[in-house]
Structures are given as C-alpha cells and as structure tokens.
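Reading the structure
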Amino acid sequence: MSGAFTRLRVQLTLALGAAEIRLRLRLPRLMWALTRRPAERESPFAELVRIEADPAYRALFFAGLDAALEERLATRTAVVAEIEAVAEQLRGLVRPGDHERAA
C-alpha cells in the first residue's frame, strides 16, 4: 500500500513540475510576478549608522552578537571534545606493544 502511495506522490510531483515549466514558458510575466524574491535589504552602511545612532538598537545588536559568539565557541568546544574522545579511542585500539615487528 505504501508503494502505491509513494508512486502517487512521485507522479504528482512530476506533474506539478511539468505544469510549472509549461506556465513559465507560456506566461513568463505572470510567473515572474508570482515568484517569491528576497526583500530588498538596507546597505551595510545604513545598518552601521543605525547601530551608532540608536542606543537601544545598539544594545540589542551587541546582545545578539555576544550570544552568537558564545554559541559558536560552545559548538567549537563540543567539536574539539568529540575529536579528543575519538582520538583517545583510536589510541586505545593501537597500542605500541600489541604488534610484532617484522623480522
């Protein structure tokens, strides 16, 4: 039963994709109007001016920046701890006296 459902989902996805392609070819202006685009962003300099001019915004910006830096440091610390744990496991597997030297 799930195989039939999966086939149906795949067929619907393919049909929708084909319909989208046909619409884009036949009605390009309509499809351009219906396509989502990212919002216009302010320039980075405008952001800097706002940070410098508005103390409340500055406090929020720096609080968010501090939180992002702390999260990044925590992630890096966790990755280093995982790497050290795996390295210790590998050292446990390979001991100097376990292998005989080739004669």
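Residues numbered from 1 in each chain as written. Predicted model: local features only at pLDDT ≥ 70, side-chain atom pairs only at ≥ 80, totals over all residues. Heavy atoms only, no water.

**Digging into the overall build of the protein chain**
In terms of regular secondary structure, the protein chain is built from four helices and zero strands. Each helix (α) and strand (β) of the protein chain, taken in turn from the N terminus, gives the series α-α-α-α. Here the C-alpha atoms of the protein chain give a radius of gyration of 29 Å, more than 25% beyond the 13 Å that 2.2 N^0.38 yields for 103 residues. If you line up the protein chain on its principal axes, its C-alpha atoms span 80 × 60 × 30 Å. (Helix = DSSP H or I, 4+ residues; strand = E, 2+ residues; numbered from the N terminus. Rg over C-alpha atoms; globule rule 2.2 N^0.38 Å.)

**Describing helix α4 (residues 55-93)**
With 39 residues, α4 ought to run about 57 Å at 1.5 Å a step, and its terminal C-alpha atoms sit 57 Å apart, in line with that. Among the residues of α4, the N-terminal cap falls to Asp54, whose side-chain oxygen and the backbone nitrogen of Ala56 are separated by 3.3 Å. (Expected span 1.5 Å × (residues − 1). Polar contact = N/O pair within 3.5 Å; in protein donor to acceptor, adjacent residues only side chain to side chain.)

**Let's talk about the packing of aromatic side chains**
Following the criterion strictly, the structure yields one aromatic pair and no others. Ring geometry for Phe61 versus Phe62: centroids 5.6 Å apart, planes at 70 degrees, classification edge-to-face. Over the ring of Trp32 we find Arg37, and its NZ or CZ is 4.1 Å from the ring centre. Here the guanidinium or amino end of Arg50 rests over the ring plane of Tyr57, the centre of that ring lying 3.8 Å away. (Phe/Tyr/Trp six-rings, centres within 6.5 Å; stacked < 30°, edge-to-face > 60°. Lys NZ or Arg CZ within 6 Å of the ring centre and 35° of its normal.)

**Quick look at a nonpolar patch on the surface**
On the surface, a nonpolar cluster with roughly 360 Å² of combined accessible area is contributed by Leu23, Leu27, Leu30 and Leu34. Position of Leu23 among the secondary structure elements: in helix α1 (residues 2-26). Among the residues examined, Leu23 registers a relative accessible area of 37% and is labelled partly exposed. (Patch = residues over 30% accessible without salt bridge, like charges linked within 9 Å, V, L, I, M, F, W, Y side chains within 5 Å. Areas by Shrake-Rupley, 256 points an atom, 1.4 Å probe, with all protein chains shown as cover. Salt bridge = Lys/Arg side-chain N within 4 Å of Asp/Glu carboxyl O. Buried < 20%, exposed > 50% of the residue type's maximum accessible area, 1.4 Å probe, protein only.)

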